[in-house]
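Observations on the model geometry
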Amino acid sequence: MATVTTNAQVAHLLRRTSFGPLPGQVDKLTRLGIQGAIDRVLAATPLPVVAPDLSDDSSDEPVRWWLGMMADARAGLHEKMTWFWHGHLTISHSKVFWWNVEWPAHLIQRQHALGSFRQMLRQLTISPGMLLYLDGDWSTVQGPNENYARELQELFTIGQANVVQDNVSNGALALAGWHVDWDLGTSVFIDEDWSRLDHKVPFLGKQVWRYDDVVDAACDHQAMAGFVAAKIWYYLVGVTPSPSRQASLATFYRSHGLDTRALVAHILRDPVFLQKRLNRPRYPVEWVTAAMAAMGISDHRQTAVDQLWQMGQLPFYPPSVAGWPVGLRWLSPSLALARAALAVDSVAIQKVADAADPVAAALHRCSMFEVSAQTRKALNQAKASMTNKTKRAAVLLALSLASPEFALA
């Protein structure tokens, strides 16, 4: 078995913990060694947040803004985990359609992306965006809406197998009483007999009265830590944990107070993390951000929006409360065509054209350090068949971006 280079390990680390690698990032981190690179990734600070224009609800300006954040060379683990929570604790603009109402939830996910899951879930539960998205707005004790109480358990905390109707019904009662002020983008508790519960009810083995009791009961349930930790493990490692691995992750997460940073550090330092390279699809947001960086496209956010709309993964528009699906569907031929179409009119073309070895330059530009014999052969054949340096460079970049290796994380 060939020795895995540090470049390959660092590229893997950045594919899983950022939206890169961006050109040059692997070279810088490789100097630290792989363990030093992991330490640097874990120590990186979040990007500063300057809110986009939220005044036009029919505009995709917040989408372009977030794609710009992802493409920032300083974006790393915190941004990647914000994206994870966006797909796990979902809110969609296609239903809510008020940016100022949705924005507080996005900030909550940013604040707690590597912090306390419990605190994040408490705040999200009564955020105006979540109340509207899962129908908690004007849910009253006299007419409780059960949507959030169900999804909180099925998708957010303990899994469908652990959900029973009594807990859904009682959870909805304890969650009742909240109203969204659409103009201010805030949520308000209506403290009236007709609106809120006036006594405790059983929920997941505890007595609950208000929203924080419901969240705490879900977080304290024996299935919760394993359910969420397994999702994070899959996100970073690319495989479903075995039952014994999931149990050990649950114990670790629970013993660290549901602190996500501690869990992520634990996973990144597990030897399995470095072994599981190129074993899951690079999802569209990951692919487009890395591909545009490889091509040197830094100021065309609308290009990214258009590509991601075509590819089926646009930020702030998850297709359902379950978020985006995972798996091999993201490797379909239609997506390959969309990917290859990006490698045109690129400032990186000239850099590859001027290189002494354009094949090596194209691969390095795309941060590809583990390449199959078939991919290398296709690149070398393309190089040999063309004499025009610029056209040849464009083809080599297109082939690199459309390769099986670049399609994998």
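Report follows, based on the coordinates. Sequence order as written defines the numbering, with residues in each chain counted from 1. Predicted model: local features are reported for residues with pLDDT of at least 70 only, side-chain atom pairs are reported and counted for 80 or more only, and whole-chain, interface and lining totals are derived from all residues. Only hydrogens and water are set aside; all other atoms, that is, all heavy atoms of the structure, feed into the side-chain values.

With that settled, consider the pairing of strand 1 (residues 178-181). The two faces of the sheet receive side chains in turn, since in a regular strand these alternate between them. Remark: exposure states derive from per-residue accessible area (1.4 Å probe, protein chains only) relative to the maximum for the residue type, with buried under 20%, exposed over 50%, and partly exposed in between. The numbering of helices and of strands both runs from the N terminus, where a helix is a DSSP run of H or I of at least 4 residues and a strand a run of E of at least 2. Only one face of strand 1 is covered, namely the face carrying Trp178 and Val180; the face carrying His179 and Asp181 is uncovered. Any two strands are treated as partners once DSSP identifies two or more bridges connecting them. The pairing of strand 1 with strand 2 (residues 186-189) spans four bridges and is antiparallel. Bridge pairing in strand 2 links valine 180 to serine 187. In this structure, the hairpin formed by strand 1 and strand 2 is closed by a connection of four residues, where glycine 185 is found at a positive phi of approximately 70 degrees.

This part is about the pattern of salt bridges. Here, a salt bridge means any side-chain nitrogen of Lys or Arg that lies within 4 Å of a carboxyl oxygen of Asp or Glu. Enumeration over the complete set of coordinates arrives at 17 salt bridges. Its salt-bridge partner being glutamate 154, residue arginine 150 comes within 3.8 Å of it at the nearest N-O pair. Of this pair, arginine 150 and glutamate 154 both sit in helix 10 (residues 147-157), four residues apart, roughly one helical turn. Close ionic contact of glutamate 370 with arginine 277 constitutes a salt bridge, the shortest N to O distance being 3.0 Å. One end of the pair, glutamate 370, is in the loop between helix 21 (358-365) and helix 22 (373-385); the other, arginine 277, is in the loop between helix 16 (271-275) and helix 17 (284-295), with 93 residues separating them in the sequence. Among the charged side chains, a network of salt bridges with common partners joins Arg118, Arg122, Lys206, Asp216 and Asp220.

Stacked, tilted and edge-to-face are the three classes assigned to paired rings of Phe, Tyr and Trp, where Trp is represented by its six-membered ring and a pair needs centres within 6.5 Å; plane angles under 30 degrees give stacked, over 60 edge-to-face, the rest tilted. Per the stated rule, a full pass over the model turns up 16 aromatic pairs. Ring centres of phenylalanine 84 and tryptophan 85 lie 4.8 Å apart, and the angle between their planes is 70 degrees; on these two criteria the pair is classed as edge-to-face. Tryptophan 85 sits in the buried class, given a relative accessible area of 0%. Relative to phenylalanine 117, the ring of tryptophan 85 lies with its centre 5.4 Å away and its plane at 40 degrees, an arrangement referred to as tilted.

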